[in-house]
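Secondary and tertiary structure notes
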Amino acid sequence: MEDAKLLTEHYQKTYELTYEVWKGRNNTFLLLLAAIGIASLIVFPSLGTRSLFVLYIEHVVGVTDAQFQGVQSGFPFGILQALALFVIFYLMVNLYHRALYVLKGYSYLGLLETEIREVMGLTDDKISFTRESRFYWDNRDPLLGTVKWVYITLLSAVLITFEFGIAIQDSSTRDWWHLAIDALFGAPTLFYLIAYAKASIKLDRKEIPLPPIRG
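Residue positions are given per chain, counted from 1 along the sequence in the order it is written. Two thresholds apply to this predicted model, a pLDDT of at least 70 for residue-level local features and 80 or more for giving and counting side-chain atom pairs, whereas whole-chain, interface and lining totals are computed over all residues. Side-chain metrics in this entry use all non-hydrogen atoms of the structure; hydrogen atoms and water are not considered.

Examining the environment of Met120
Counted only if it meets this: The way it works is that DSSP assigns letters per residue, a run of H or I at least four long becomes a helix, a run of E at least two long becomes a strand, and they are numbered from the N terminus. Residue contacts are counted whenever heavy atoms from the two residues lie within 4.5 Å of one another.
Along the chain, Met120 falls in helix H4 (residues 77–120). Taking the C-alpha atoms as reference points, Met120 and Asp3, 117 residues apart in sequence, are found 8.9 Å from one another. Residues contacting Met120, with those up to four places away along its chain left out, are Ala4 and Phe129.

Given below as C-alpha cells:
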C-alpha cells in the first residue's frame, strides 16, 4: 500500500496547488476587467476623465490657472496609454497561463484518481477518489457548461472594444506613433485572448488524454 500512500499524498498536494492557481485565475480575471475600465477613463478624452485627473493634480500641487493649462496640454497621456496597454497585455498573458494550468490540473487530477483507484483495488460501486472525474461529470449541472462562454464573451467584448477603440481614435487623429504602440501591445493581447478562449473550450470536457511519457 506504499504506492497508494504516495499517490494520495501527491494527489492532495496537486489539488491544493491547483486550487490556489484557480483562485489566482479568478482574481486575475477581475483585475484585467478593472484595468481595462481604468485605462478607458485615461485613454479616451471624450469621457472627460483626463480633465478631472489634471484638475486633481492642480488641487494637490496648487498651480495657477495658467500653469494648469500648461500641465493639461503637456501632460504625457501617451506614456500612460502605453503603460495601460502593457498592464492589460501582462494580465491577459497571466490569465491565459493560469487558466491553462487550472484546466490541465483538474484533468490531471481526474486521471490520477483512476490510477489511485486501480492501485487501491476499488470497484466501480465505490465513490472514493471520483471527485474530479466520474462524480463531477455525472453530477455536473448543465449551466456549468455555459460558464466558460460567459467569461469568454464578456472578456472578448470588453477587450476587443477597448483595443479597437484606441486604434480608431489614434488613426483618426493620424497619431502614427501611438498607433504603432497600439499594434505592438494590442496584437499579442488579442492573440492570447484567442488562445485563452480556445483552451477554455477545448479542455473543458470529460476526458483529456495525456501525451505518452517519453523515456
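That covers the picture; the talk isn't over yet.
Thoughts on the packing of helix H6 (residues 144–172) against helix H7 (residues 176–203)
To keep things clear, this is the line we draw: Lines fitted to the C-alpha atoms define the axes, with helices restricted to the stretch that makes contact. Angles between their N-to-C directions range from 0 to 180 degrees. Orientation is classified from the angle alone, with under 35 degrees giving roughly parallel, over 145 giving roughly antiparallel, 65 to 115 giving roughly perpendicular, and any other angle giving oblique. Whether a crossing is left-handed or right-handed is set by the direction in which the near helix is turned from the far one by less than a right angle, anticlockwise for left-handed and clockwise for right-handed. Each residue receives one of three labels: charged for Asp, Glu, Lys and Arg, nonpolar for Ala, Val, Leu, Ile, Met, Phe, Trp, Tyr, Cys and Pro, and polar for the others, Gly being one of them.
With their axes 10 Å apart at the nearest point, H6 and H7 run at an angle of 170° to one another. Here H6 lies roughly antiparallel to H7, going by the angle between them. As H6 packs across H7, the resulting crossing turns out to be left-handed. Of the residues that constitute the contact of H6 with H7, the class distribution is 16 nonpolar, six polar and four charged.

Description of the confidence of the model for the chain
Rules: Each residue gets a pLDDT score, which is the predictor's confidence in that residue and runs from 0 to 100.
For the chain, per-residue confidence averages 82 on the pLDDT scale, and residues scoring 70 or more make up 80% of the total. The least confident element of the chain, judged by mean pLDDT, is helix H3 (residues 65–74) at 50; the most confident is helix H1 (residues 2–43) at 92. Under a pLDDT of 50 for its full length, residues 210–215 has, in the predicted model, two contacts with residues more than four places off or in other chains.

Thoughts on the environment of Leu17
Summarising the element assignment, Leu17 is placed in helix H1. C-alpha of Leu17 to C-alpha of Val102: the two residues are 85 residues apart in sequence and 9.3 Å apart in space.

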